[in-house]
Amino acid sequence: MEKLQKGGPKRVRADNTPLRERLAHLPTWWKKRRQAKKKRLAAMSRRRRILRRIGLLGTWFLGFVAVLTVATVVLFYTLSNVPRPESLPLPQVATILYSDGSVMARIGDVNRTIVKLEQVPAQVRWDVLAAEDRGFYKNPGVSIKSTLRAALSDLTGGNTQGGSGITQQYAKNAYLSDAHTLTRKLKELMIAVKLARQYSKDQILEFYLNTVYFGRGVYGIQAAAQSYFGRDVSRLSVAQGAVLAALLRAPSYYDPAVNPSAAKARWQYVLDGMVSTGHLTRAQEAKLRFPKVLPPKDTTGLGATGPNALIVQRVLAELDAHGISEAEIYARGLRIQTTIDPKAQQAARTAVDQTFANLTPQQRNLKNALVAVNPANGAVLAYYGGPNGKNYAGKIDNFDYAGLGSRPPGSSFKPFTLATALTQTLQKASGKPHYTIDSYVDGSYQVTIDGTVIKNDPGDASVSSSSVSIRNAMKYSLNTTFDQMAFTVGPANVAATAHAAGVPKSIDGRPSLVGANGKTGFGIGIGDYAVRPLDQAVGFATLANNGTRNDAYFVQKATDSSGAVVYQHKSAAARALDPKVANDVTLTLEPIAGWSNDPLSGGRVSAAKTGTEGIQNDPRGNNSDAWMVGYTPQVSAAVWTGSGNSTTPIYNSYGGAEYGSDLPGKTWKMFMDTYLADKASLPMATTQMITGGQSTATVPVTTPTPTPTKSKTPSKTPTPTFSRRTGFSSVPAPTTPTPTPTTSIPATPTPVCTTSVLGPPPTCTTPPAAPTPGG
């Protein structure tokens, strides 16, 4: 048996062979394995040494940052003074300019009166806290989380962050710089910390109430009480205090004289907050009513009067959306250059004033609006939102019908329905008919869609047909064709097309182009869902710009008193429609201004669409809204007139139903002719680009050509002739009693065919005399 020797430097076997010699005969792989292990151990050792060094350096760096941060905080805290309300500098006057640099308005009529907190009723104070800082008396006064979130958003170029409590809001008001920097946030934070340490909650609330901006050029709650209610702050009620508190979030937007529906919604939010904080019971809340608010006195705070003051409001709202508040505008005395072309604005004012100059007593309920935008970039060239003063009935009306009022556009929405169908044709959508503008479809006087009976306007009875080309259906404005088309291509798809073209997805805080059930019905095909004149101008501008959308904007740039640029508009064009779709829709719209008796001067080509919205179940077939929207390559303009609601009718000068071709069409024509007078007549669509479509109706051998109504030579007692296309024919002033209009409805209506979208062959019926909405 083999024995090993013990002791000594070597271990040997009984045969006296050293172990190292025997190991020398082991395989090579064993040696390599041992060497690799040694290398791994060495590498691990090196990594550990490197990590120890990095950790040491990191510790020193973090310590340095911590020391620097503490030093910075201490420095800011030491250098930050807490100004009292009376020591804050008054804001400056800001200047609003036209696009050419001429002055539109100077704004900033500052009004501020400082009062003691005891003069403000307790319930009014709680109104303010319910709106802005419900935990004011419990929280420490500083929100580190909100400050860091806002600072990070500013540094990364994100949306402007808000939501600070009363203490930090006062700190922001005290530090009159709107630079979105970390330095500003730290300054505000330190002022807020000092406020919380040096003053009581009641003192801080008093400072805030005396400096916060309430709109209309007034600072502080005392001046606000006088401006909005004509009384001292000590006499404000809970409901009145809630109105003022509701303003604080965005004074221009929530002014009841400017945006009553939004103001009431915010007012209700404040009252609900009073209930949630235990300072009002549900029973007390239920008894409160929205108080009467005084209109702005000569547009206090606005150096513009009348319609131009509504432009100023849009400018202030746009800057606020980009993080520049009204208070900051006044604080820095900004010079704001708008997109409004003075020539275009004057043309708009003149067109509205002259067209609506001689209204009959029956027409005194009319409201109107006109918006014009540049299709190439979205710049708003002209903007008439209403009188912002006495209306045609002699009452004060400060509402902005162009940018805040939304009404059903009627047939002026049909281009978006056609654009949806043509888009599906280009995409070869499965299960959908591949329409082109030469496809023949059903345009019967009356059809049934999904169990609902739809009719054309009686004035279109002579051109209604069970087989009509889409381009003629657009020209004749056949409701049955486009409701069926919307049903076929999908109502939600029509809404998506309109949204892409420029109709916002929400209007006044509510989803657009949907009903109360949150869904879109086929009635969208003929404009059953409300939009604003501004939206229609932008949507048609997308068609004029070959399918590329540019969102509307009012502000080109803003500079401070030193000339430094504070804001600069950046264009963000987006492809909304295929150029072929925009081209072919334009082709169908080019004949309409002439067909409606509103052609542009000098044979200038335009694309346009009239629209009317009828009153539901009105036996006389009256309308509540009338539109004319159209464009050339240089400008897209939308004109609306209406009663402002869906139950009050609007009339033409002869007492008949008002249509889009009448006052809106005449206003649109006058504006376009005036604005384009010195501009080149540019070419528009001439050739159909989408071909090879299919028809869903029998293609006739010949297409019926309707005979338009023409004016007859007046006799001693002339009688105007009515046509839905042209309205009442023009006649000289009669020398005998007022003429009686004759309608175009035949005494014995011509039988027409009734069909369903996917139903059996048509059957013939006799159309009734009453029109239906949406024509």
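All values reported here derive from a predicted model rather than from experimental measurement.

A. Spatial organisation of the sheet that holds strand β2 (residues 103-107). If you trace the five strands from one edge of the open sheet to the other, you get β2-β1-β5-β17-β18, paired in mixed fashion. Either end of the sheet is taken by a strand with one partner, and the two such strands are β2 and β18 (565-568). In this sheet, adjacent strand axes meet at a mean angle of 15° when their direction is disregarded. As paired elements, strand β17 (residues 555-559) and β18 share three bridges and run antiparallel to each other.

B. View of the confidence of the model for the protein. Summing up the model confidence of the protein, the mean pLDDT is 82 and the portion of residues at 70 or higher is 77%. Across residues 154-163 the pLDDT falls below 50, and counting only partners more than four positions away or on other chains, this stretch makes twelve contacts in the model.

C. Focus on the pattern of salt bridges. By the definition in use, this model includes 14 salt bridges. One salt bridge in this structure joins Asp438 and Arg471, with 3.0 Å as the shortest N-O distance. On the criterion of sequence distance, the pair formed by Asp438 in the loop between α15 (414-426) and β10 (440-443) and Arg471 in helix α16 (residues 470-476) is long-range, its members being 33 residues apart. For Asp438, a relative accessible area of 37% gives the class partly exposed. For Arg471, a relative accessible area of 29% corresponds to the partly exposed category. Taken together, the shared-partner salt bridges in this structure form one network comprising Asp272, Arg282 and Glu285.

D. Up close: the nonpolar core. Core analysis: the biggest nonpolar cluster contains 90 residues, and Ile329, Ile336, Phe413, Leu418, Leu513 and Leu589 have the highest contact counts within it. With sequence-adjacent residues up to four places away left out, Leu589 is seen in contact with Pro415, Met474, Phe540, Leu543, Ser606, Ala607, Ala608, Lys609 and Tyr631.

E. Region of interest: the pairing of strand β6 (residues 367-373). Judged by how many residues are buried, β6 sits mostly within the fold: seven of seven residues are covered. As paired elements, β6 and strand β22 (residues 636-642) share seven bridges and run antiparallel to each other. Each residue of the ladder has a partner; that of Ala369, found in β22, is Trp640. The turn joining β6 and strand β7 (residues 380-384), which pair antiparallel and follow one another in sequence, is formed by six residues; a positive phi near 90° is taken by Gly378.

F. Here's a closer look at the side chain of Asn259. Relative to the elements of secondary structure, Asn259 occurs in the loop between α9 (238-247) and α10 (260-276). Classification of Asn259 by relative accessible area gives buried; the value is 2%. Every residue in contact with Asn259, bar those within four places of it in the chain, is listed here: Tyr253, Leu404 and Asp508.

G. Molecular detail of the environment of Glu328. Tracing the sequence through the fold places Glu328 in helix α13 (residues 326-332). With 236 residues separating them in the primary sequence, Glu328 and Gln92 have C-alpha atoms 9.7 Å apart.

H. Here's a closer look at a positive patch on the surface. On the surface, Arg46, Arg47, Arg48, Arg49, Arg52 and Arg53 cluster together into a positively charged patch. Following the sequence through the fold, Arg53 ends up in helix α2 (residues 28-79).

I. Representation of the packing of helix α3 (residues 122-132) against α10. Relative orientation of the contacting elements α3 and α10 amounts to 105°, with a least axis distance of 8 Å. With respect to α10, the element α3 is oriented roughly perpendicular. Of α10, the residues touching α3 (which contributes Gln123, Trp126, Asp127, Ala130, Ala131 and Glu132) are Arg266, Tyr269, Val270, Gly273 and Met274. Along the lines of polarity and charge, the residues of the contact of α3 with α10 split into six nonpolar, two polar and three charged.

Procedures and definitions
- Residues numbered from 1 in each chain as written.
- Predicted model: local features only at pLDDT ≥ 70, side-chain atom pairs only at ≥ 80, totals over all residues.
- Heavy atoms only, no water.
- Pairing = 2+ DSSP bridges.
- Helix = DSSP H or I, 4+ residues; strand = E, 2+ residues; numbered from the N terminus.
- Axes fitted to C-alpha atoms, helices over the stretch in contact; angles between N-to-C directions.
- pLDDT = per-residue confidence, 0-100.
- Contact = heavy atoms within 4.5 Å.
- Salt bridge = Lys/Arg side-chain N within 4 Å of Asp/Glu carboxyl O.
- Buried < 20%, exposed > 50% of the residue type's maximum accessible area, 1.4 Å probe, protein only.
- Core = buried A, V, L, I, M, F, W, Y, C linked by side-chain atoms within 4.5 Å.
- Patch = residues over 30% accessible without salt bridge, like charges linked within 9 Å, V, L, I, M, F, W, Y side chains within 5 Å.
- Areas by Shrake-Rupley, 256 points an atom, 1.4 Å probe, with all protein chains shown as cover.
- Lys, Arg positive; Asp, Glu negative; His and termini not counted.
- Charge placed at Lys NZ, Arg CZ, Asp CG, Glu CD.
- Parallel < 35°, antiparallel > 145°, perpendicular 65-115°, else oblique.
- Nonpolar A, V, L, I, M, F, W, Y, C, P; charged D, E, K, R; others polar.

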